[in-house]
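# Examination of the molecular architecture
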Amino acid sequence: MRKRTVRRVLSLVLAFVLCVTVLPAGKTEAEAAFDIDALLNSVELHPQRTGYAALDRLLENVLKPYENATTAEKVRACFDWTVRNIDYSWAGYTSANSGYDGFKEKYPYDDYEEGLQKAFPEDVIARTYYTMSKHKGVCYDWGAVFAVMVRYIGIDAFVHTGIFRFEWDTQSGHHGWTEVQINGTNYIFDPQREYRMCDDGTGTISHTRYYGLRYSDTDRYTQETEINAKRDAQFLSVSAHRQKLVSVGAYVSRSGSVTGADTYDVGTTATLTAVPDEGKSFQGWYSTDGTLLSTETAYSFEVTGKTMLIAMFEGDLFYDLKEDDWFLDNAINAANMGIVSGTRPFYFEGNGTMSRAMTVVMLAKLDGADLSGYTSTSFSDVPEGQWYTAAVAWASENGIVSGTGTDTFSPDANITREQFATIIASYLNWKQVLLAPVELTFTDTADISDYAVEPIGKLYGAGLLSGYSDGTIRPKNNVTRAEGVTILMAADRFLREVQEMEPQEITDWAA
C-alpha cells in the first residue's frame, strides 16, 4: 500500500514537471498553443525606412544594438522600448478630452527623402516622431510607435483602434494598439496596456499578456473595422515596390539637344538620346568626371540615383558656352591655343573669378614662354613646386608682375580689374609695345588706385579694355574668366597686328 502511494506521488510530480516543460512560464494553455517568436523568426523581412531623416535616426538608434539579433529579439526590444520610454500624457493634443483627432504636433516634413514614395500616413509619422522624441503620448501613440518600429524591422504592422475591455471586466473604453501581420494573420501587440500592467513601465515586462495575442485567445478587443480598414489602406506594404523617383538629365553642348531627360524610378532603365543640329555630329556621352561612356547617340543605363550626364557634340569644347555668349569666340580661341581649360570637365565657367596665379599662368601660356628655368621666387607665399610657381617666377623676373606686399604675391586671391590691367600693360611694355595713355572719363575714375590709372588709360586707349554701359569702369571688381580671356585674346591680336606693321607705321602709331 505504501509503495503504491509513493508511486502515485512520483507520477504526479513527473506530470507536473512535464507540464512545466511543455508550457512556457507565464503562458496559459491557449497561449502556449503557438510560439509567437517562432512565427516572427519565420517572416521574410523587407525593412521599411520612413524616409524622414530625423525619425529614421531615432529608429536606427533603438535597433542598432540588435543588428545581429533574431527578428523576434528585435521585435521584443522595440516592444520593451515603447513600454519603458513613453509616459501617458495628452500634452501633444489640444485638450485632454479632444480624442485622437486633437493631435496638434506636426512633423518637420521638409527633411523627407526626395522622390521617395510615402509609405506611412502622415499623422502616424507625426505621432511617432513626437512620441519618440518627447517620450509622451496616449495609447494611439504607443500603437503608432510600435507599428513604425516593426515596419522598420521589415514586417507589416498597423495602428488599430476600437473598444477595449479592461482587466477588471467592469469597464471598457476607446483604445489604440498595434497589430502585426504574420503570414496573413494579424496579432495584437499592446505596449500601452503592458505599460499599465507593469507599474507604468517600471516593473517586469511580460511578453505574454499583451504580446502577440490572437483574437481567438482574447475577447478584450473589439475592432472599429471600417475605420481600421481605411487607415490600413494608407500604409504601403513592406513587400510592395516602393518607388523612388529621381531626376535623370544631361548637360548639353550648344550644337545639339537631348531627349529622354525626366524623372525615373530607381532600378528602371533610362534612355537618353542625343540629337545633333543639322550639319553637326555627336561626340559622346560623358560622366561628370569626364569619363567617356558611349559614342552612340542613344545611351541606356540602369537608374541607381539622381544622374547627370554630359552630351558633347563635335566642335564644342564646353557645354556651358552658348551661341549668344558675348565671349564665346574668345573662350574657344583661348582653349584651342591651350591658354585656358575648364574648371571641371567640359565646363568653362565664364562667370567664375580668376585668381592672380591663374592670370599669370594664362599669360605665360599666351606668350609661349619657356618656364623650364624658373623654379623659385622671392615671394614668401609662392612655394616651390606649385602649378603656378614657374609662371610667377617668369613674370616677376621680367618685371611683368609685382607683389601685393613687401614679399607676398597672394596667388590665391581674386584678381581685380585694375590689377589685371596693370599686369597686361606691363606685359605689353616688356614686349616693347609702348602705349600712350588716354584721359579717363568714367563716372568712377576716382575709384582707381593711383598705380593703375596709367595702365588702365593705356589699355582703354588701345581698345583692349572697355567700361560698362552705365559709364563705369569698376576697377575693384573681380575679373571673371569671361572678361579675362577676352582681354588676353584682345592683347594677343593687338600684338600680332603690331608685329606685322612696318617700322614707320609703328613710329607713327606710337606717336
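Residues numbered from 1 in each chain as written. Predicted model: local features only at pLDDT ≥ 70, side-chain atom pairs only at ≥ 80, totals over all residues. Heavy atoms only, no water.

## Here we look at the overall build of the protein
Stated formally: Going along the chain from the N terminus, every DSSP run of H or I of four or more residues is numbered as a helix, and every run of E of two or more is numbered as a strand. This radius of gyration counts C-alpha atoms alone. The globule rule is 2.2 Å times how many residues there are, raised to the power 0.38. Think of it in three bands: residues with accessible area under 20% of the maximum for their type are buried, residues over 50% are exposed, and the middle band is partly exposed, with areas taken using a 1.4 Å probe on protein chains only. To be clear on the numbers: accessible area is Shrake-Rupley with a 1.4 Å probe, and residue cover counts the displayed protein chains and nothing else. When charges are tallied, Lys and Arg are placed among the positive residues and Asp and Glu among the negative ones, while His and the ends of the chain are skipped. In plain terms, the charge of a residue is placed at NZ if it is Lys, CZ if Arg, CG if Asp and CD if Glu.
If you tally the helices and strands in the protein, you get 15 helices and 15 strands. Relative to a compact globule of 511 residues, whose C-alpha radius of gyration would be 24 Å, the protein shows 39 Å and is clearly more extended. Here the C-alpha coordinates of the protein stretch approximately 145 × 50 × 50 Å along the principal axes. Taking all 511 residues of the protein together, 46% fall into the buried category. Taken as a whole, the protein presents about 25800 Å² of accessible surface, with 49% of it coming from carbon and sulfur. Between the centroid of the 44 positive side chains of the protein and the centroid of its 69 negative side chains there is a distance of 16 Å.

## A few points about the sheet that holds strand S10 (residues 262-265)
Just so we agree on the cut-off: Paired strands, in this sense, are two strands between which DSSP finds at least two bridges. Only C-alpha atoms enter the line fits that serve as axes; for helices the fit covers just the stretch in contact. Angles between N-to-C directions range over 0 to 180 degrees.
The strand order across the open sheet built from 5 strands is S10-S8-S15-S12-S13, with neighbouring strands paired in mixed fashion. Either end of the sheet is taken by a strand with one partner, and the two such strands are S10 and strand S13 (292-294). Across the sheet, the axes of successive neighbouring strands diverge by a mean angle of 40°, strand direction being ignored. As defined by bridge partners, strand S12 (residues 282-286) adjoins strand S15 (residues 307-313) across 4 bridges and the pair is classed as antiparallel.

## Observations regarding the layout of surface pockets
Note the threshold: The method works on a 1 Å grid over the protein atoms by themselves. A cavity is a set of points holding a 1.4 Å probe that cannot get out, a pocket is an open set with protein on both sides within 12 Å along at least five of seven lines, and residues with an atom within 4 Å of a point line them. Grid points are joined across faces, edges and corners, and a volume is the space filled by probe spheres set on the points. Residue type decides the class: Asp, Glu, Lys and Arg count as charged, Ala, Val, Leu, Ile, Met, Phe, Trp, Tyr, Cys and Pro as nonpolar, and the leftover types, Gly among them, as polar.
Each pocket or cavity is described by its volume, and for the second largest pocket that value is around 220 Å³. Together, His46, Pro47, Gln48, Arg49, Leu116, Tyr152, Leu236, Ser237, Val238, Ser239, Ala240 and Arg242 line the second largest pocket. Here the residues of the lining of the second largest pocket sort into 6 nonpolar, 4 polar and 2 charged.

## Remarks on the confidence of the model for the protein
Formally: pLDDT expresses how confident the predictor is about each individual residue, on a scale running from 0 to 100. Should any heavy atoms of two residues lie within 4.5 Å, those residues are considered in contact.
The share of residues in the protein with pLDDT of 70 or more is 91%, and the mean pLDDT across the chain is 91. Counting interchain partners and residues more than four positions distant, the pLDDT-below-50 stretch residues 1-33 has 13 contacts.

## Thoughts on the environment of Phe301
Positionally, Phe301 belongs in strand S14 (residues 298-302). Residue Phe301 is classed as buried on the basis of its relative accessible area, which comes to 14%. Once the C-alpha coordinates of Phe301 and Gly267 are considered, the two residues, 34 residues apart in sequence, prove to be 9.7 Å apart. Excluding residues that lie within four positions of it along the chain, Phe301 makes contacts with Val248, Thr268, Thr269, Ala270, Leu272, Thr307 and Leu309.

## Side note on helix H6 (residues 139-153)
Rules: Helix span, expected: 1.5 Å multiplied by one less than the number of residues in the helix.
Its 15 residues give H6 an end-to-end C-alpha distance of 21 Å, which sits within 8% of 21 Å, the value for a rise of 1.5 Å per residue. Most of H6 is tucked away, with 15 of its 15 residues classed as buried.

## A word on the packing of helix H5 (residues 122-134) against H6
To keep things clear, this is the line we draw: We call two directions roughly parallel when the angle between them is under 35 degrees, roughly antiparallel when it is over 145, roughly perpendicular when it lies between 65 and 115, and oblique otherwise.
One way to put it is that H5 packs onto H6 with a least axis distance of 8 Å and a crossing angle of 100°. With respect to H6, the axis of H5 lies roughly perpendicular. For the pair formed by H5 and H6, the contact residues are Asp123, Val124, Arg127, Thr128, Thr131 and Met132 on the first element and Tyr140, Asp141, Ala144, Val145, Val148 and Met149 on the second. Within the contact of H5 with H6, the residues separate by chemical class into 7 nonpolar, 2 polar and 3 charged.

## Things to note about the pattern of salt bridges
Note the cut-off: Any carboxyl oxygen of Asp or Glu that lies within 4 Å of a side-chain nitrogen of Lys or Arg is treated as forming a salt bridge with it.
Here the structure, examined in full by the defined rule, presents 21 salt bridges. Across the salt bridge formed by Lys118 and Glu122, the nearest N and O atoms sit 2.7 Å from each other. Lys118 sits in the partly exposed class, given a relative accessible area of 39%. Its relative accessible area of 36% is what places Glu122 among the partly exposed residues. Linking Arg193 and Glu167 is a salt bridge whose minimum nitrogen-to-oxygen distance equals 2.8 Å. Of this pair, Arg193 sits in helix H7 (residues 191-197) while Glu167 sits in the loop between strand S3 (157-165) and strand S4 (172-182), placing them 26 residues apart in sequence. Counted as one network, the salt bridges with shared partners bring together Arg49, Glu113 and Lys244.

## A few points about the packing of aromatic side chains
Here is the rule we go by: Each Phe, Tyr or Trp ring (for Trp, its six-membered ring) is paired with any other whose centre lies within 6.5 Å, and the angle between the two planes then decides the class: stacked below 30 degrees, edge-to-face above 60, tilted in between. Both a distance and an angle decide whether a charge sits over a ring: NZ of Lys or CZ of Arg must be within 6 Å of the ring centre and within 35 degrees of the ring normal.
Applying the stated criterion across every chain yields a total of 36 aromatic pairs. Between Trp177 and Tyr221 the ring centres are 4.8 Å apart and the planes differ by 70°, which places this aromatic pair in the edge-to-face class. Taken together, the residues span a long stretch of sequence, with Trp177 in strand S4 and Tyr221 in strand S7 (residues 221-223) at a distance of 44 residues. For Tyr221, a relative accessible area of 6% puts it in the buried group. Consider the rings of Phe282 and Phe313, whose centres lie 5.3 Å apart with planes at 70°: the pair is edge-to-face. Separated by 31 residues along the polypeptide, Phe282 in strand S12 and Phe313 in strand S15 bring together distant segments of the chain. Across the pair, Phe313 and Phe282 agree in class, each one buried. Among the aromatic residues, those joined into a ring-pair cluster are Tyr52, Tyr107, Tyr109, Tyr112 and Tyr129. Note that Arg127 overlies the ring of Tyr140, its terminal NZ or CZ placed 4.5 Å from the centroid. The aromatic ring of Phe409 is capped on one face by Arg356, whose charged end is 4.4 Å from the ring centroid.

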